[in-house]
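# Structure at a glance
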Amino acid sequence: AQSVSQHNHHVILSEAASLELGCNYSYGGTVNLFWYVQYPGQHLQLLLKYFSGDPLVKGIKGFEAEFIKSKFSFNLRKPSVQWSDTAEYFCAVILGSGGSYIPTFGRGTSLIVHP
Amino acid sequence: ETGVTQSPTHLIKTRGQQVTLRCSSQSGHNTVSWYQQALGQGPQFIFQYYREEENGRGNFPPRFSGLQFPNYSSELNVNALELDDSALYLCASSSETIQETQYFGPGTRLLVL
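Residues numbered from 1 in each chain as written. Chains lettered and ligands numbered in written order. Predicted model: local features only at pLDDT ≥ 70, side-chain atom pairs only at ≥ 80, totals over all residues. Heavy atoms only, no water.

### With respect to the overall build of chain B
Of the regular secondary structure elements, chain B holds 0 helices and 11 strands. Listing each helix as α and each strand as β along chain B from the N terminus yields β-β-β-β-β-β-β-β-β-β-β. Since a compact globule built from 113 residues should have a radius of gyration of about 13 Å, the 13 Å found for chain B is in line with a globular shape. Taking the principal axes of the C-alpha coordinates as reference, chain B spans close to 40 × 30 × 25 Å. With 113 residues in all, chain B has 50% of them scored as buried. In chain B, of all internal contacts separated by at least 6 residues, the share reaching a separation of at least 24 is 54%. (Helix = DSSP H or I, 4+ residues; strand = E, 2+ residues; numbered from the N terminus. Rg over C-alpha atoms; globule rule 2.2 N^0.38 Å. Buried < 20%, exposed > 50% of the residue type's maximum accessible area, 1.4 Å probe, protein only. Contact = heavy atoms within 4.5 Å.)

Structure, rendered in structure tokens:
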């Protein structure tokens, strides 16, 4: 069965610091990859997604993620975080063709950005 | 806001009871998925409905069942509630298959005593 690991459960940064949140998955075939964010008091929403093509994906609010197939990773990055980036971040994987199309989420990373 | 609404927002039940949660999809979306999110965990996929038929199921027992109506709104029913069913239940709608962008509702928080 596929699994998704988010190694950092809690991250605390100061404004303007750089961010990298790790995401690793366990499946050797084609995958579709997602990062979702949940701001305090708001709905879960999509930050960015990767289906195919350029492995460096740009999302909303200055976030980007890089798919490294050899490392089974899809890490989320932002060069300079803001206080408004304080939120819960979830990585998710859906198997591609031949898979079960059942999405698997990581347990999430709580990010706190100090002003 | 996503246009996906869920009701009720909070619910308290006792062990053994049955519960029905409701979800109204975003306009134009014909696919709805349900998730269970326990405290401190990521959402776990329960099942998906596409054009009123179940289109995929996660690792949940048969006492978790669902319906999708012709207007694409949906229900999640849980029978014989257990304490471990206490969680936030999320509904997400999308326009086609599950690979497309999902729009999540605010969730229903269920507490089983």
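Next comes the rest of the account.
### Quick look at the interface of chain A and chain B
On the chain B side, the residues contacting the 17 residues of chain A number 20 residues. Summed over the shared surface of chain A and chain B, the result is 0 salt bridges. Across the chain A-chain B interface, the total number found is 2 residue pairs in polar contact (both at pLDDT 80 or more). Every element with two or more residues in the side of chain A that touches chain B is listed here: strand E5 (31-38), strand E6 (44-50) and strand E10 (87-95) of chain A. Considering each element in turn, the side of chain A that touches chain B owes the most residues, 4 residues, to E5 of chain A. Taken together, the residues of the side of chain A that touches chain B sort by class into 11 nonpolar, 4 polar and 2 charged. (Salt bridge = Lys/Arg side-chain N within 4 Å of Asp/Glu carboxyl O. Polar contact = N/O pair within 3.5 Å; in protein donor to acceptor, adjacent residues only side chain to side chain. Nonpolar A, V, L, I, M, F, W, Y, C, P; charged D, E, K, R; others polar.)

### Examining the pairing of strand E8 (residues 74-78) of chain B
Residue and element names in this part refer to chain B. In terms of burial, E8 is a largely internal element, 5 of the 5 residues being buried. Side-chain alternation along E8 places Ser74, Leu76 and Val78 on one buried face and Glu75 and Asn77 on a second face that is also buried. Note that strand E3 (residues 19-24) and E8 share 5 bridges and pair antiparallel. Bridge pairing links Leu21 to Leu76 in E8. Alignment of strand E7 (residues 64-68) against E8, held across 5 bridges, turns out to be antiparallel. Opposite Gly66, over in E8, you have Leu76 as the bridge partner. Where E7 folds back on E8, the antiparallel hairpin that results is connected by 5 residues, among which Tyr72 adopts a positive phi of roughly 75 degrees. (Pairing = 2+ DSSP bridges.)

### Some details on the state of the cysteines
Residues and elements named next belong to chain A. Applying the stated criterion across every chain yields a total of 2 disulfides over all chains. Between the sulfur atoms of Cys23 and its disulfide mate Cys91 the distance is 1.9 Å. Handedness of the Cys23-Cys91 disulfide follows from its S-S torsion of about -65 degrees: it is left-handed. Here Cys91 lies in strand E10 and Cys23 lies in the loop between strand E3 (19-21) and strand E4 (24-25), a separation of 68 residues in the sequence. (Disulfide = S-S within 2.5 Å.)

### Considerations on the packing of aromatic side chains
Taken as a whole and assessed by the stated rule, the structure comprises 13 aromatic pairs over all chains. The interplanar angle of 75 degrees and the centroid separation of 5.7 Å between the aromatic rings of Tyr25 of chain A and Phe72 of chain A together place this pair among those described as edge-to-face. Of this pair, Tyr25 of chain A sits in strand E4 while Phe72 of chain A sits in the loop between strand E8 (64-68) and strand E9 (73-78), and the two are 47 residues apart along the sequence. Overall, the relative accessible area of 34% leaves Phe72 of chain A in the partly exposed class. An angle of 45 degrees between the planes, with centres 5.6 Å apart, marks the rings of Phe63 of chain A and Tyr89 of chain A as tilted. Separated by 26 residues along the polypeptide, Phe63 of chain A in the loop between strand E7 (56-58) and E8 and Tyr89 of chain A in strand E10 bring together distant segments of the chain. Per residue, the accessibility class of Phe63 of chain A equals that of Tyr89 of chain A, and both read buried. Members of the aromatic cluster, joined through ring pairs, are Phe34, Tyr36, Phe51 and Phe105 of chain A together with Tyr35, Phe45 and Phe104 of chain B. (Phe/Tyr/Trp six-rings, centres within 6.5 Å; stacked < 30°, edge-to-face > 60°.)

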